[in-house]
Amino acid sequence: MAVFTSLLTQGRTDHKSTGMLRPNTTDTRDWFREKAREIRNVKVETLINSNPKLNRVQVKPGFMYLFNYDPKHKETLPYYDRFPLIFPFEDQGDSFLAMNLHYLPHMYRARLMDNLYNLVNNSKFDETTKIRASYQMLNAAARYKYFKPCIKRYLHSHVRSKFLLIPANEWDVALFLH
């Protein structure tokens, strides 16, 4: 898998031949719009029948997800993310703890992701690929220092969509959007 900081500085133009999309292009914006459309407020029956990658109850640690969220105290928050892009850590009953990459500028996302790629469970970058990390492990290692502003607790009752599983081969596209 290519290193993100290299992608940023090399200005790759062979995205169609490699299956990768360049950040901040029409292709990546179209990709994001399509993913956002998939999780927007629609009937549950439609989601279940039209997209098997969407689910509500089986969000697994180490995989990347996108979903629609309505914060409980949004009126008092200085900012919040309506479409979090997360790696969940653990479910805690009425809430779950996750790392939302949207809380970092693009360059810091790239640096963090470069380090997280060292923690993937395989090199296939398919539906089995995930990050093998816990909050405690990331917190203990200085090389993951960029993750701290990303840690958020999400209330299940304020999730407004199903969760869209982002395949590992699309992580780099999702990372640089929003």
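Residues numbered from 1 in each chain as written. Predicted model: local features only at pLDDT ≥ 70, side-chain atom pairs only at ≥ 80, totals over all residues. Heavy atoms only, no water.

**Student:** What is the right way to look at the confidence of the model for the protein chain in this model?
**Tutor:** Residues shown with low pLDDT carry predicted positions that ought not to be read at fine detail. With 70% of its residues at a pLDDT of 70 or more, the protein chain shows a mean pLDDT of 77. This model gives residues 1–19 a pLDDT under 50, and the stretch forms 35 contacts once residues within four places in sequence are excluded. Taken together, the stretch residues 42–49 has pLDDT below 50 and engages in 6 contacts with residues farther than four places along the chain or on a different chain. (pLDDT = per-residue confidence, 0-100. Contact = heavy atoms within 4.5 Å.)

**Student:** Sorry, what's going on with the pairing of strand β4 (residues 95–100) here?
**Tutor:** Look at any regular strand and the pattern is simple: side chains alternate between the two faces of the sheet. When you tally the buried positions in β4, you get 6 out of 6 residues, the bulk of the element. Relative to β4, strand β3 (residues 85–91) is paired through 5 bridges, and the arrangement is antiparallel. Looking across to β4, one finds that Phe87 is bridged to Met99. The loop that links β3 with its antiparallel partner β4 comprises 3 residues; one of these, Gly93, has a positive phi angle of about 80°. Two elements, β4 and strand β5 (residues 151–155), share 5 bridges in a ladder whose sense is antiparallel. If you follow Leu97 over to β5, its bridge partner there is Arg153. (Buried < 20%, exposed > 50% of the residue type's maximum accessible area, 1.4 Å probe, protein only. Helix = DSSP H or I, 4+ residues; strand = E, 2+ residues; numbered from the N terminus. Pairing = 2+ DSSP bridges.)

**Student:** What's the story with the packing of aromatic side chains in this structure? I'm lost.
**Tutor:** For any pair of aromatic rings, geometry is given as the distance between the ring centres together with the angle between the planes. Applying the stated rule across the entire model yields 14 aromatic pairs. Their ring planes at 75° and their centres at 6.3 Å tell us that Phe89 and Tyr135 sit as a pair that is edge-to-face. With Phe89 in strand β3 and Tyr135 in helix α6 (residues 135–140), the pair connects residues that are 46 residues apart, well separated along the chain. On the basis of relative accessible area, Phe89 is assigned to the buried category, the value being 11%. Note on Tyr135: relative accessible area 27%, which makes it partly exposed. Ring centres 5.7 Å apart and planes at 65° place the aromatic pair Tyr135 and Phe147 in the edge-to-face group. Residue Tyr135 is found in helix α6, and its partner Phe147 is found in the loop between α6 and β5; the two are separated by 12 residues along the sequence. Here Phe147 falls in the buried class, since its relative accessible area comes to 0%. Three or more aromatic residues joined by ring pairs form one cluster here, namely Tyr65, Phe67, Tyr69, Phe96, Tyr154 and Phe163. Just above the ring of Tyr103 sits the side chain of Lys152; from NZ or CZ to the centre is 4.4 Å. (Phe/Tyr/Trp six-rings, centres within 6.5 Å; stacked < 30°, edge-to-face > 60°. Lys NZ or Arg CZ within 6 Å of the ring centre and 35° of its normal.)

**Student:** Explain the side chain of Asn100 to me, please; I cannot follow it from the model alone.
**Tutor:** If you trace the backbone, Asn100 turns up in strand β4. Classification of Asn100 by relative accessible area gives buried; the value is 0%. In this structure the side chain of Asn100 is engaged in a polar contact, spanning 2.9 Å, whose partner is the backbone nitrogen of His102. Excluding anything up to four places from it in sequence, Asn100 contacts Asp81, Pro84, Leu85, Ile86, Cys150 and Tyr154. (Polar contact = N/O pair within 3.5 Å; in protein donor to acceptor, adjacent residues only side chain to side chain.)

**Student:** Got a minute to help me understand the pattern of salt bridges in this structure?
**Tutor:** A side chain of one charge can pair with a side chain of the opposite charge when the charged atoms of the two come close. Going through the model one piece at a time under the given rule, you end up with 2 salt bridges. Its salt-bridge partner being Lys74, residue Asp70 comes within 2.6 Å of it at the nearest N-O pair. A residue is classified by how much of its surface remains accessible, and Asp70, at 21% relative accessible area, is partly exposed. Arg160 is paired through a salt bridge with Asp70; the nearest N and O atoms lie 3.7 Å apart. Remark: Asp70 occurs in the loop between β2 (64–66) and β3 and Arg160 occurs in the loop between β5 and β6 (163–166); sequence separation between them is 90 residues. One network of salt bridges, in which partners are shared, links Asp70, Lys74 and Arg160. (Salt bridge = Lys/Arg side-chain N within 4 Å of Asp/Glu carboxyl O.)

**Student:** Explanation requested: unusual backbone geometry in the structure shown.
**Tutor:** Negative phi is the rule for most residues except glycine; trans is the rule for most peptide bonds. The phi dihedral of Phe125 falls on the positive side, at around 50°, and the residue is not glycine. Summarising the element assignment, Phe125 is placed in the loop between α5 (106–116) and α6.

**Student:** Can you help me understand the nonpolar core in this one?
**Tutor:** Side chains that are nonpolar tend, in soluble globular proteins, to be buried together. Formed by 35 residues in total, the largest nonpolar core has its most connected members in Met99, Leu112, Leu116, Ile166 and Trp171. Of all the elements in the fold, those that place two or more residues in this core are β2, β3, β4, α5, β6 and α7 (171–175). Dropping the residues within four chain positions of it, Ile166 is found in contact with Trp31, Met64, Tyr65, Leu66, Leu85, Trp171 and Ala174. Judged by nonpolar contacts, the second largest core, of 10 residues, contains Phe63, Ile86, Ala98 and Tyr154. (Core = buried A, V, L, I, M, F, W, Y, C linked by side-chain atoms within 4.5 Å.)

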